[in-house]
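Observations on chain architecture
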Amino acid sequence: MLKSVLCLMLILYMTMSGRKGAKRYMREITYTVALREAITEEMENDKNVFLIGEDIADFGGVFGVTKGLLDKFGRNRVRQTPISEGAIIGAAVGSAMTGIRPIAEIMYVDFITFGIDQMVNQAAKLGYMSAGAVKVPLVVRAQQGCGTCEAAQHSQQLEAWFMHTPGLKVAMPSDAYDAKGLLKIAIRDDNPVVFLEHRLLYATKQNVPDETWTVPFGKAAIKRKGKEITVVATSFCVHKALAAAEKLSGKIDVEVIDPRTLVPLDIDTITESVKKTGRLLVVHESVTQCGVGAEIVRQVMEKCFRSLKSVPKVLGGASIPMPFSRVLEEKAIPQELDIIETVEKMIKE
Amino acid sequence: MTCQKFAKCLNRRLISEKAKINILRMMYLIREFEIASRKMFKEHQARGEFLGALHNCDGQEAIAASMGAIFRKDDYVFTTFRGHGHSLAKGAEPKKMMAELLGRAAGYSKGRGGSMHMFDPSIGLMGGNGVVGGGLTLAVGAALSAQYRNTDQVCICFFGDGAAATGAFHEALNMAGLWRLPVIYICENNLWAATTPINFGCPIKDISDRAAGYNIPGKSIDGNDVYIVYETLNEAVIKARKGEGATLIECKTYRHHPHCMVMPEHRPKDEKQAWLAKDPISCFENMLLQENILCREEQQKLRKDVRDLVAEAVDYAEKCPLPDVNTLYDYVWA
Ligand SMILES: Cc1ncc(C[n+]2csc(CCOP(=O)(O)OP(=O)(O)O)c2C)c(N)n1
């Protein structure tokens, strides 16, 4: 029987994320609200921060992140555009070069392709080419993910492209707390930041502090402590890894690390963990080939090869365009069960 | 809102009675297909199965159906994410389309594509596209290919008003104009791009005015009037076949439903009411009744036959098996 990924998994993960975390906070917010709070606070703090993107004003964004911001900040600061991703990102770059601080929203990361020149040839390189004379304090927020049967042109996860482009920072928050904390820092950063949100995370809830907070770039989060194997997971896969770790508890003691930002990457936290556990598994939904996992494994191999007790592994997306049909889509990306099986195999090695 | 720029009206006798009935039948087929697909999606959703995005084209049938009546099987069509109507009018089979909507192995893309990605090169259906404006430059290529191979095939590229704002629009029409390619760009201006009204996306009233910049003819017409759409398109196709180059046609129309199934209605009530009153199907039906080409009984039978056909397609699709997961890596390479 096919079960709805959207409903079931989310309910599972929501209850989980409510339970974990040492402190209990009273205030519960969704990932969406967390992002909105970050944007609102930074816009209140700095009148130069503004939003630009498709369907973001009256409707509040197709995924609802900017709901209510038009009323609060007006059309000049919540600028709804035609369907022109190249010009959205280009205008964001140009305005960032000249002293204001844009947050551009790209509805699906798949369409960032139209602004790739502006991102890769322009934003990423202007600071360096001008020897620091030009600054590009830009955030490009994009939504990505799969699990909603939207097929090949709406399901890509492209963080590795940006990781491969020197000059771009890359953040991938996996929960509401990190989403807010990282986005605030991204907005204050004087460099171009690609901020990737997973669409299955928007509805997830978490208890958070009343007072505001930030989360620094380049600092991984140990989401679960363990001694026998290090599982590094990104974005939505953090929740799959945590669920797998929970199922394995009592049998295998799994440590789960979320790097939170891929550039800069906190490799030290990962290598410290691998030195302790001797085993490394990286899990992400984006394509395995030339992916984030490949880079993390390379760095770990170079830094602590001798600590490894088994061959490090990456569980990532299959090397295929994402298929539409649920049965195929589920098979194309790592699931909780795949993580459990892989961990069990690695421990036996 | 018939466009004043296009005052000349078709001599109704130019379309045969049979062709008119076929156009009406196709409009019914598209409408019934859309109604049934929504129902099917809702039922599956209620069972906890989410089937992705579904973009329906109810209200825009006059354009697709007219294309179907004019175009040859070997002509090319590039459509969008809102492409069920264009696909049916180009000759796609409702059964295989429904099966694809459900992600079944018997669907047009064997469950790989879904609603937005159905292809059948054997009937010139070069696919839907999930990318707004994604077909604009590909259509340049198909027209170039026809010109290169020295055939008289013509290519039509459908796109929305939203897509007219993309960079690809300029690059594609510039090349098409420069090389006098046999391509017809049909902008279905339904006044909204997702939740963005046309005046937030386009600074001019008629998108066809842009044709001047590419030295090709441009026309803005009432996209809900079959006779006007038919005549305008027919003229463009004849020109393209003769090697006289590209045309840009803007059809003013309206979609009867929200952008897609998962999106709420956000458009003004009165605007929607006014357009529902100009439903292309009722308008054309009435015209054919007035012209005595059709009587009430025939009309009802025509619609019922089409409804049955669509119901059969749904039945078929529901019974088809899902793709075998062992075929996951098939079709990555030719
Ligand atoms: C390049 C790109 N940007 C954004 C989107 C998201 N999106 C899908 S449909 C749509 C609106 C399209 O409007 P229009 O071209 O007028 O077509 P219509 O929906 O009216 O048929 C948008 C913004 C997309 N699919 N592709």
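Refer to the preceding data block for the structure.
Residues numbered from 1 in each chain as written. Chains lettered and ligands numbered in written order. Predicted model: local features only at pLDDT ≥ 70, side-chain atom pairs only at ≥ 80, totals over all residues. Heavy atoms only, no water.

1. Re the overall build of chain B
Check the secondary structure of chain B and you find 11 helices and seven strands. For 334 residues, the compact-globule formula gives about 20 Å, and the C-alpha radius of gyration of chain B, at 19 Å, lands near that figure. Overall size of chain B, expressed as C-alpha extent along the three principal axes, is 50 × 50 × 40 Å. In chain B, which comprises 334 residues, the share counted as buried stands at 60%. Considering only intrachain contacts with a sequence separation of at least 6, the fraction spanning at least 24 residues in chain B is 75%. If you sum the accessible surface of chain B, you get close to 13,800 Å²; carbon and sulfur atoms cover 55% of it. Taken as two groups, the 41 positive and 39 negative side-chain charges of chain B have centres that lie 1 Å from each other. (Helix = DSSP H or I, 4+ residues; strand = E, 2+ residues; numbered from the N terminus. Rg over C-alpha atoms; globule rule 2.2 N^0.38 Å. Buried < 20%, exposed > 50% of the residue type's maximum accessible area, 1.4 Å probe, protein only. Contact = heavy atoms within 4.5 Å. Areas by Shrake-Rupley, 256 points an atom, 1.4 Å probe, with all protein chains shown as cover. Lys, Arg positive; Asp, Glu negative; His and termini not counted. Charge placed at Lys NZ, Arg CZ, Asp CG, Glu CD.)

2. Considering the environment of I56(A)
All names here are of chain A. Within the secondary structure, I56 is located in the loop between β2 (49-53) and α3 (69-73). Taking relative accessible area as the criterion, I56 reaches 1% and is therefore assigned buried. For the pair formed by I56 and R79, sequence separation is 23 residues and the distance between their alpha carbons is 7.5 Å. Here I56 is in contact with L51, G61, T66, V78, R79, Q80 and E105, once residues within four sequence places are set aside.

3. A word on the interface of chain A and chain B
The partner chain B presents 39 residues to the 35 residues of chain A that form the contact. Between chain A and chain B, a total of about 3,000 Å² is buried, with carbon and sulfur atoms accounting for 69% of that surface. Between chain A and chain B we count zero salt bridges in total. Our count for the contact surface shared by chain A and chain B stands at nine residue pairs in polar contact (both at pLDDT 80 or more). By residue number, the principal contributor to the side of chain A that touches chain B is helix α11 (residues 326-332) of chain A, which donates five residues. Among the residues making up the side of chain A that touches chain B, the classes are represented as 19 nonpolar, nine polar and seven charged. (Buried area = accessible area lost by both parts, 1.4 Å probe. Salt bridge = Lys/Arg side-chain N within 4 Å of Asp/Glu carboxyl O. Polar contact = N/O pair within 3.5 Å; in protein donor to acceptor, adjacent residues only side chain to side chain. Nonpolar A, V, L, I, M, F, W, Y, C, P; charged D, E, K, R; others polar.)

4. Thoughts on the site of the ligand
Near the ligand lie 21 residues; those nearest to it are E85(A), R82(B), G130(B), G162(B) and N190(B). In this structure the ligand sits where residues from chains A and B come together. Take E85(A): an N or O atom from its side chain is 2.5 Å from a nitrogen atom of the ligand. At 3.0 Å from an oxygen atom of the ligand is found a main-chain nitrogen or oxygen belonging to W192(B). For the ligand, whose unbound accessible area comes to 580 Å², protein coverage reaches 96%. A per-class count over the shell around the ligand returns 11 nonpolar, six polar and four charged. (Near = heavy atom within 4 Å.)

5. Remarks on the state of the cysteines
Per the counting criterion, the structure on display carries zero disulfides over all chains. Free of any disulfide, C155(B) has its nearest neighbouring cysteine sulfur in C157(B), separated by 6.6 Å. The class for C155(B) is buried, based on a relative accessible area of 1%. C260(B) forms no disulfide, and the closest cysteine sulfur to it belongs to C149(A), at a distance of 14 Å. (Disulfide = S-S within 2.5 Å.)

6. Overview of the nonpolar core
Ranked by size, the top nonpolar core spans 67 residues in total, and within it M98(B), I156(B), I184(B) and L233(B) carry the most contacts. Element by element, the count of residues in this core is highest for helix α1 (residues 17-46) of chain B, at 12 residues. Setting aside anything within four residues of it in sequence, one finds I184(B) in contact with V154(B), C155(B), I156(B), C157(B), L233(B), A236(B), V237(B), T247(B) and I249(B). V109(A), A124(A), V194(A) and V232(A) belong to the second largest nonpolar core, which has 49 residues in total. (Core = buried A, V, L, I, M, F, W, Y, C linked by side-chain atoms within 4.5 Å.)

7. Overview of the packing of helix α10 (residues 280-290) of chain B against helix α11 (residues 296-319) of chain B
Residue and element names in this part refer to chain B. Contact pair α10 / α11: the axes reach a minimum separation of 10 Å and the direction vectors enclose 140°. Crossing handedness for the pair α10 and α11: right-handed. Side by side, α10 and α11 meet where I281, E285, N286 and L289 of the first sit next to R296, Q299 and R303 of the second. In terms of residue class, the contact of α10 with α11 is made up of two nonpolar, two polar and three charged. (Axes fitted to C-alpha atoms, helices over the stretch in contact; angles between N-to-C directions. Left-handed = near helix turned anticlockwise from the far one by under 90°.)

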